[in-house]
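Next come the chains, spelled out residue by residue.
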Amino acid sequence: MESIFPNEIWEQILAHLPLQELLSASCVCRQWRHLVRRICRQRCKCLPSRLLAELVHEHYTTRCRPRGMDSEIPDGREEPDWLDVSRMLIQTQVTSRVDACSVVSQMNQVILLTAAEKFVVAVTRSEEDQSCTLSLVSGEGRVTFQYLVHGKVNKVCVLEEGGEPSVLAVSVNKELLGLLVHPDLRSLTALTITPNLAVDSRICSDGQTLVVSQLEENYHLSVYRATLLPGRLQLSLQSRIRTTSPPICWDLWNGFVTTLVPSGHIRAYTLCGALVAESPLYKDLRYPNPTLLARGLVFASTITSRTLLSYWHMDRDRDYWLVGESVLTSWLQRGAHAVGNTSHRKELRQDSGSSVSNGSSSFFEGGSSCVVTLAKVRLGAAVLLEVTIVQYQRGLVFCGTSQGYLLVYKIMEDTWKSEVGLKWEVLEACMPSLCLSLTRRPLARIAVCFIDAVIMVTVGDRDGNCHMVSLPTSAPYTSAS
């Protein structure tokens, strides 16, 4: 397209457009696409640091395709595709209109839910022959393929990396099963896993990295890197982590492992085992309360401990949740010294909002850990509902209640300044962005994936009934050209 204005004038004109219209303008010509990419980069740098770190990390681990040397910036370090990061940001603008949401499909006897980038895995169990069925559910809510597994499925993890097929790592009777997901979601192919690993329901993944329980020489956790080869999945041992005691559960995100130990403490480690954060004693964490460790955040209910305390006439009137941040955003912005992303990408610029490295933890070795403080928040208090299950992704907290409602809160806004942190008080003092009634039974599981112009939320109640709910975004979606 012949340009009638210099680039500086076009950039000033385009900078006045809303984000969704700006992305549409990037499809006009190569010149505008270059200018829009630069504007998107500037806008993304103004996002809350944690929100930007999450978007960039998800971009690298699930969406970014391998690029050539021509995509690198002059000093040899690669930047994310800011157009794609901006599209991901638009997808977080969930609607507040209940009438715009719809239940697109339902399933029964669901015992597990796991979300990938573009699909959900629902596990149903047959009591007759003690077998389980893995169902691939597309972003439209349709079951595209079912796979029969003989035995009890304890956990399903999705191994994803941009440009590569997804792989399901399934814990079946304490053995690891690998299944290759075909791009059309209409087939699953069994993979040979080497070496064979004994795993349980606590296995977790981030990108192509797995963390499993493996007690060996006083080490409690083992970190493996998965490589997809023809017909098999090769697991390479990267490191071992020695915790103070065998953890109850753990989560891996962006090169950090957050653990919950029986003593009632939260501790965070690098992939090389350096302790970087720990919490004081929280007695409620000693009880088997519903707990979510996700993306460096902690959500721990006290509903079980409250029930037990009531037996001794020590009622607390109403249960609360312990919430906090175990992985600080500042750790993800240390430039070349960052522990960073679990993928194999190169380091980003120090001011890029996230960091990607090969796992060096020398920056933390010999240093003292910081203190993780958990706040007491009564989730759903503003709408007088009791929250039974929580899921978190991209600054959105999805809450399921004992009355069968789905609540959506924003604890990070794209309009906030970069230095603004998480606003936990929103969960207690503010009305949710969306309050949707789904069933009369208490909700027990939630899985979330962002599909173009909708957020597909799959929720299941305690009876195994599952609803696939489509939540439109409040801004029109602009696809990549």
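My aim in this report is to walk through the structure given alongside it, one point at a time. In this text the structure is predicted, and so the values were computed from the model without any measurement.

Remarks on the packing of aromatic side chains
Under the criterion given, the structure shown has two aromatic pairs. One aromatic cluster is present, built from ring pairs that chain together Phe-299, Tyr-392 and Trp-424. It is Arg-394 that lies over the ring of Phe-450; its NZ or CZ is 4.1 Å from the centre.

Remarks on the state of the cysteines
Enumeration over the complete set of coordinates arrives at zero disulfides. The thiol sulfur of Cys-249 is not disulfide-bonded, and the nearest other cysteine sulfur, from Cys-204, lies at 9.7 Å.

With respect to the pattern of salt bridges
Inspection of every chain in the model, using the stated rule, returns 14 salt bridges. The salt bridge involving Asp-452 is made with Lys-118; its shortest N-O contact spans 4.0 Å. Note that Asp-452 is positioned in the loop between strand 27 (443-451) and strand 28 (454-461) and Lys-118 in the loop between strand 2 (110-115) and strand 3 (120-126), a separation of 334 residues in sequence. Of the charged contacts, one joins Arg-441 and Asp-463 as a salt bridge, the two residues approaching to 2.8 Å between their closest N and O atoms. Within this pair, whereas Arg-441 is found in the loop between strand 26 (434-437) and strand 27, its partner Asp-463 is found in the loop between strand 28 and strand 29 (466-472), the two being separated by 22 residues in sequence.

Some words on helix 4 (residues 49-63)
Here helix 4 is 15 residues long and its end C-alpha atoms lie 20 Å apart, about the 21 Å a rise of 1.5 Å per residue gives. Judged by how many residues are buried, helix 4 sits mostly within the fold: 14 of 15 residues are covered.

Re the sheet that holds strand 1 (residues 102-107)
Spatial ordering of the open sheet is given by 1-29-28-27, a layout of four strands whose pairing is antiparallel. Strands with a single pairing partner mark the edges of an open sheet, and in this sheet they are strand 1 and strand 27. Strand-to-strand twist across the sheet, computed as the mean angle between neighbouring axes with direction ignored, equals 20 degrees. Judged from the seven bridges that link them, strand 28 and strand 29 form a sheet pairing that is antiparallel. Bridge pairing links Val-457 to Val-469 in strand 29.

Thoughts on the nonpolar core
One finds Phe-299, Val-390, Val-397, Trp-424 and Leu-427 to be the most contacted residues of the largest nonpolar core, which totals 49 residues. Ignoring sequence-local partners within four residues, the contact set of Val-390 consists of Leu-292, Phe-299, Trp-321, Leu-379, Val-397, Phe-398 and Cys-399. In terms of nonpolar packing, the next biggest core, distinct from the first, is built from 19 residues, Val-94, Ile-389, Leu-396 and Leu-434 among them.

So, unusual backbone geometry
With the exception of glycine, most residues fall at negative phi, and the peptide bonds are largely trans. In the segment running from Thr-194 into Pro-195, the intervening peptide bond is cis, with an omega of -5 degrees. Along the chain, Pro-195 turns up in the loop between strand 9 (188-194) and strand 10 (204-206). The phi torsion at Asn-173 lies on the positive side, around 50 degrees, for a residue other than glycine. Position of Asn-173 relative to the elements: it lies in the loop between strand 7 (167-172) and strand 8 (175-181). Asn-173 sits in the partly exposed class, given a relative accessible area of 45%. Despite not being glycine, Asp-452 has its phi angle at roughly 50 degrees, a positive value.

So, how was this worked out
- Residues numbered from 1 in each chain as written.
- Predicted model: local features only at pLDDT ≥ 70, side-chain atom pairs only at ≥ 80, totals over all residues.
- Heavy atoms only, no water.
- Phe/Tyr/Trp six-rings, centres within 6.5 Å; stacked < 30°, edge-to-face > 60°.
- Lys NZ or Arg CZ within 6 Å of the ring centre and 35° of its normal.
- Disulfide = S-S within 2.5 Å.
- Salt bridge = Lys/Arg side-chain N within 4 Å of Asp/Glu carboxyl O.
- Helix = DSSP H or I, 4+ residues; strand = E, 2+ residues; numbered from the N terminus.
- Expected span 1.5 Å × (residues − 1).
- Buried < 20%, exposed > 50% of the residue type's maximum accessible area, 1.4 Å probe, protein only.
- Pairing = 2+ DSSP bridges.
- Axes fitted to C-alpha atoms, helices over the stretch in contact; angles between N-to-C directions.
- Core = buried A, V, L, I, M, F, W, Y, C linked by side-chain atoms within 4.5 Å.
- Contact = heavy atoms within 4.5 Å.

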